[in-house]
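Residues per chain are reported as follows:
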Amino acid sequence: MKSNPLKKFGTLVAVVVASVALLGGSIIVTNSPGGFNAGLTRSVGSGDSPGGLLRLGSSAPCDSLDPAQTFDPWCAVVHRTFSRNLMAFAGKPGEQGLMVVPDLAIDVPVSNKEKTSWTFKLSPDALWNDGAAVTSSDVKYSIQRLYDDSLQSPIALDTLCLMSACTAGKPDYKGPYAAPTEDLPAIVTPDESTIIFNLNRSFFEFPRLLATPQFAPIQMARDISLRASGATYASNPASNGPFVITIDQADLQYSFTKNERWTQTSDGIRIPKVDAMSWKVFPDAESTDQALLNGEIDVKLNYGLSPTARDATLAESSQRSLIDNPEMSFVNFLVVNPSVPPLDRAPCRDAIFYALDKVDLQNVRGGSATAAIAHSLSPSTILGHDNSYNPYPSGSDETGNIRKARASLAQCGYPDGFQLKMAYVAIGIGKEIFISVQKSLARVGIVVDPVEYANFAEYFTTGLGSPETMAAQEIGMASTGWGPDYSSAYSFWAPLVDGRKIKPSSNQNFAELNLDEVNALLDSLEAAETLVEAAAINREIEKIIMQEAVYLPYAVDRIVLYRPEALTDVYVQIALGNQYDLVNIGKRDITP
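Below is a summary of the structure that appears in this document. Owing to the predicted nature of the structure, the values given are computational and were not obtained by experimental measurement. (Residues numbered from 1 in each chain as written. Predicted model: local features only at pLDDT ≥ 70, side-chain atom pairs only at ≥ 80, totals over all residues. Heavy atoms only, no water.)

A look at the sheet that holds strand 10 (residues 243-248)
Inference 1: As summarised here, the arrangement of the 5 strands in space is 10-11-12-1-13, forming an open sheet in which the pairing is mixed. Edge positions in the open sheet fall to strand 10 and strand 13 (299-300), since each of these has one partner strand only.
Inference 2: Here 6 bridges tie strand 10 to strand 11 (residues 253-258), and the two strands are oriented antiparallel to one another. Bridge pairing in strand 11 links Ile247 to Tyr254. (Pairing = 2+ DSSP bridges. Helix = DSSP H or I, 4+ residues; strand = E, 2+ residues; numbered from the N terminus.)

If you want it as structure tokens, here you go:
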């Protein structure tokens, strides 16, 4: 009889399920024969014949197989097959996938009351594929690397300042490559199985941060050896997960074989069903789609089906039942600048919120398969999101509430409308978004003139990202979007609404909000002691921000995932790029 890999996590799993119930989530964890969007809330397909080869395909490789360097959200499920974290997102569908549970750590960390000190104990059964133990030195070294500019890690500087003194917002510590003789004293390793983090401020969500792919430990000895030979860690990463990855760089093919040093009893998150996996990179998205639909591969990576295959499968009922269409964490919205008259009057901003034709913008973004209409600012991938919250209804057909928009214009003293400028980037659908906004607001007399930027770098540094530019050019609206760094309410809200984070350049608090009540709530959110408390604070912040009418959400990005009938135990892992959780997928024989 196989041992139960979840046994050591039993108490924690019970707490997690109770927490989700308190948050109002409805979780179904039983298997299902399938159906449209079945994989969003449950594990689809059951099989009792483990083994075989899971064939993966994509139109591009991961940006990096070095955890410190990876940025592409879809690569998170690839890293999960061969790398583990101290804490990790649960191997579960639906909201359960947002929960963080012990991984390399033997239990939840011990912290002080202030949540500034966190102590982890490593599992003695956690080994690298060469048989060496995963040590606290590996963990410390891996985090030290995040500070090294040469790796260009996507981890925010504000996050790195949790463990290093910072000057002008940049860490003083420079990492083990640039400063090999310097230490990062915030991380203490009293022995090879204990690691203590002493943070510069309270941070309740620290275990959640450690669950992100970039914080996965690497093998220090492997990195040092590879660098000495002139190679990178990404070229031959070590494994402490169930699979070892081998790279054929010339042909852009990868193979995953069982890691003989990994044991199921040490890992309650990954329960692999197949013996091996292969991964082929195709020339383009269309050829990858064709390989998937023809049965040449089992799972397509990097964001799902492209338009031609997407539309064809959605149109055919037998194929539609094999589709999952998850919402991503990225919310598209318009900044409505309260500093520019007449938008300094709240009813004038309200008029824009009511008049916007969200259906037209949804169509600009590709239709309902690639964009879900948004009514509130926070995405569904953070706990506390309320899907029913809709403070500015856009009419029964979502094309705009013209009556309420005109009433708001009369209330703000401009019954016939007014004129304003809107900034956007003329790349991709940027101009189409502007034209859609211009057209829908013209219905109530609001005239929108363009302020066009040629590239995103300029836009987010000296354009939308510059309060001085926004004021000098009297830009009343701007097009942009936002998503959380690690499925966390704090990482979503803080850059957007914390008045203490407004900067003269590359500013992310686009509306320049500085509300004492919101700043205090953000402090409470950062120090929240339970998931339920954090979810409640998230909802409170959401209501205040939406009432300010400065960020107008209109669409959340979606992707179309296809799961062949032969797959078992397949579900969308909501915290890891809304991709299928590869490491737990199985296959079964389908009799014709």
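Picking up after the structure, the text goes on.
Re the pairing of strand 19 (residues 475-482)
Inference 1: Among the 8 residues that make up strand 19, 8 are buried, leaving the element largely enclosed by the rest of the structure.
Inference 2: With 6 bridges connecting them, strand 15 (residues 327-336) and strand 19 associate as antiparallel partners. Along strand 19, the bridge assignment pairs Val335 with Ala478.
Inference 3: Relative to strand 19, strand 17 (residues 419-425) runs parallel, the two sharing 3 bridges. Considered in strand 19, the bridge of Ala423 is made with Ala478. (Buried < 20%, exposed > 50% of the residue type's maximum accessible area, 1.4 Å probe, protein only.)

Here's the deal with the pattern of salt bridges
Oppositely charged side chains can form a pair if their charged atoms are brought close together.
Inference 1: Inspection of every chain in the model, using the stated rule, returns 21 salt bridges.
Inference 2: Ionic pairing is found between Asp267 and Arg270, a salt bridge with its closest N-O pair at 3.1 Å.
Inference 3: For Asp267, a relative accessible area of 0% translates into the label buried.
Inference 4: As a salt-bridge pair, Arg558 and Glu327 come within 3.9 Å of each other at their nearest N and O atoms. Here the residue Arg558 occupies a position in strand 20 (residues 551-558), and Glu327 occupies one in strand 15, the gap between them amounting to 231 residues.
Inference 5: Given the relative accessible area of 24%, Glu327 is considered partly exposed. (Salt bridge = Lys/Arg side-chain N within 4 Å of Asp/Glu carboxyl O.)

Here we look at the nonpolar core
Inference 1: Among the nonpolar cores identified, the biggest contains 155 residues, and Met163, Phe197 and Tyr551 are the most heavily contacted of them.
Inference 2: The dominant element in this core, judged by the number of residues it contributes, is helix 17 (residues 489-497), at 7 residues.
Inference 3: If we skip the residues at most four places from it in the chain, Met163 touches Ile143, Tyr147, Leu184, Ala186, Ile187, Phe197, Leu199, Asn200, Phe206 and Phe215. (Core = buried A, V, L, I, M, F, W, Y, C linked by side-chain atoms within 4.5 Å. Contact = heavy atoms within 4.5 Å.)

A look at the packing of helix 18 (residues 516-526) against helix 19 (residues 531-548)
Inference 1: For the pair helix 18 and helix 19, the least separation of the axes is 10 Å and the interaxial angle reads 160 degrees. Relative to helix 19, helix 18 is oriented roughly antiparallel. Relative to helix 19, the crossing made by helix 18 is left-handed. Note on element contacts: helix 19 touches helix 18 through Ala534, Ile537, Glu540, Ile541, Ile544 and Ile545, opposite Glu517, Val518, Leu521, Leu522, Ser524 and Leu525.
Inference 2: In the contact of helix 18 with helix 19, the residues fall into 9 nonpolar, 1 polar and 2 charged. (Axes fitted to C-alpha atoms, helices over the stretch in contact; angles between N-to-C directions. Parallel < 35°, antiparallel > 145°, perpendicular 65-115°, else oblique. Left-handed = near helix turned anticlockwise from the far one by under 90°. Nonpolar A, V, L, I, M, F, W, Y, C, P; charged D, E, K, R; others polar.)

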